[in-house]
Each structure stands twice: as C-alpha cells, then as structure tokens.
Amino acid sequence: MKNFLVKTIANAGALGVAIWLLNDITLTGDNTGRQALTLILVALVFGVVNVVVKPIVKLLAFPLFILTLGLITLVINALMLLLTSWLAGKLDLSFHVDGFGTAVLGGLIVSIVAWALHVVLPDDKD
C-alpha cells in the first residue's frame, strides 16, 4: 500500500512539473484545492494506464524496441499520456494534452521527474 501511495505521489509530482513547463498540457480548476485533487486523480488514472495498457503495448512493439534501440519508448510514453488525457476527459477531469509533439515532450518530462522522485521517495524495500 505504501508503494502504491509513493508511486501515485511521484506520478502527481511528475505530471505537475510537465503541466508547469509545457503550456499545451493544461489542468484547470476553480481553486488550488480542486486542482490538487484533480492532479491526484489524474495521477491515479496515469498509474492505471501504465500498469494495464503499457505492458501490452510494449510487448506488441518489442520488434520496434530492437529496431529503434529503445527510442520507441518516447512514442509509447507519449501515447500513454494522450490516453490519460482522453480518459480524464471521459471522467470529467480537467486535464488535457494538446497534440502529439506536446505529449512526447510531456512524456519525457514525466519519465525523468518520476524516476528522480522514485529515487528520493521511500518505498516498501526499506
């Protein structure tokens, strides 16, 4: 349970940094509390997408991993961010990623920040 909470916080922080750095990734809300709640909910959706959909896509794209020496990961991360944006729209969460190029940059930012936060934050292995 602690590991799930740490990963959700790391995802929320990483998404927050991407929202802050890129104008085409938006998170709107009436006030700061509403925006924070929306960010946590979007981080949960992002976590579910990464746990359920991403392994399937990576398995299907395995030949492309070999062919592109792993660079297809950028495209897959962008697709997961776009899928999260679409699902957030369906769930009436005010999170939107505008365009594939923005999703690629956002996916790169989210990956780097989430990795850094996972290094810093504690987990169940302690």
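Residues numbered from 1 in each chain as written. Predicted model: local features only at pLDDT ≥ 70, side-chain atom pairs only at ≥ 80, totals over all residues. Heavy atoms only, no water.

Quick notes on the UniProt feature "transmembrane region" (unreviewed entry) in the chain
Under the local residue numbering, the UniProt record ascribes the feature "transmembrane region" (unreviewed entry) to residues 5–23, 35–53, 60–88 and 100–121. The annotated region residues 5–23 carries 89% helix and 0% strand content, and the separation between its end C-alpha atoms amounts to 28 Å. Within the segment residues 35–53, helix and strand shares are 95% and 0% respectively, and the terminal C-alpha atoms sit 26 Å apart. (UniProt positions renumbered as here; feature names shortened; annotations may be inferred. Helix = DSSP H or I, 4+ residues; strand = E, 2+ residues; numbered from the N terminus.)

Concerning helix 2 (residues 32–52)
Taking 1.5 Å per residue, 21 residues should reach 30 Å; helix 2 reaches 30 Å between its end C-alpha atoms and fits that length. Inspection of helix 2 places T38, L39, V42, A43, V45, F46, G47 and V49 among the buried residues, and these make up the whole buried set. Between the side-chain oxygen at the start of helix 2 and the backbone nitrogen of G33 there is a gap of 3.3 Å, and the oxygen is on N31. (Expected span 1.5 Å × (residues − 1). Buried < 20%, exposed > 50% of the residue type's maximum accessible area, 1.4 Å probe, protein only. Polar contact = N/O pair within 3.5 Å; in protein donor to acceptor, adjacent residues only side chain to side chain.)

Some thoughts on helix 6 (residues 100–120)
Compared with the 30 Å implied by 1.5 Å per residue over 21 residues, the 30 Å span of helix 6 between its first and last C-alpha is a close match. Buried within helix 6 are the following residues: T102, A103, G106, G107, I109, V110, V113 and A114. On its buried face, helix 6 sits against helix 1 (2–21), strand 1 (25–27), helix 2, helix 5 (72–90) and strand 2 (95–97). (Contact = heavy atoms within 4.5 Å.)

Overview of the nonpolar core
Of all hydrophobic cores here, the largest spans 30 residues; its most connected members are L15, I25, L81 and F95. Elements supplying a minimum of two residues to this core: helix 1, strand 1, helix 2, helix 5, strand 2 and helix 6. Sequence-distant contacts of I25, that is, excluding residues within four places in its chain, are made with A18, I19, L81, F95, H96, V97, T102 and G106. (Core = buried A, V, L, I, M, F, W, Y, C linked by side-chain atoms within 4.5 Å.)

Some points on the packing of helix 5 against helix 6
Interhelical geometry of helix 5 versus helix 6 gives an angle of 105° and a closest axis separation of 8 Å. Taken together, helix 5 and helix 6 sit at an angle that is classed as roughly perpendicular. Residue-level inspection shows L74, V75, N77, A78, L79, L81 and L82 of helix 5 in contact with helix 6, the latter providing F100, A103, V104, G106, G107, L108 and S111. Grouping the amino acids of the contact of helix 5 with helix 6 by side-chain chemistry returns ten nonpolar, four polar and no charged. (Axes fitted to C-alpha atoms, helices over the stretch in contact; angles between N-to-C directions. Parallel < 35°, antiparallel > 145°, perpendicular 65-115°, else oblique. Nonpolar A, V, L, I, M, F, W, Y, C, P; charged D, E, K, R; others polar.)

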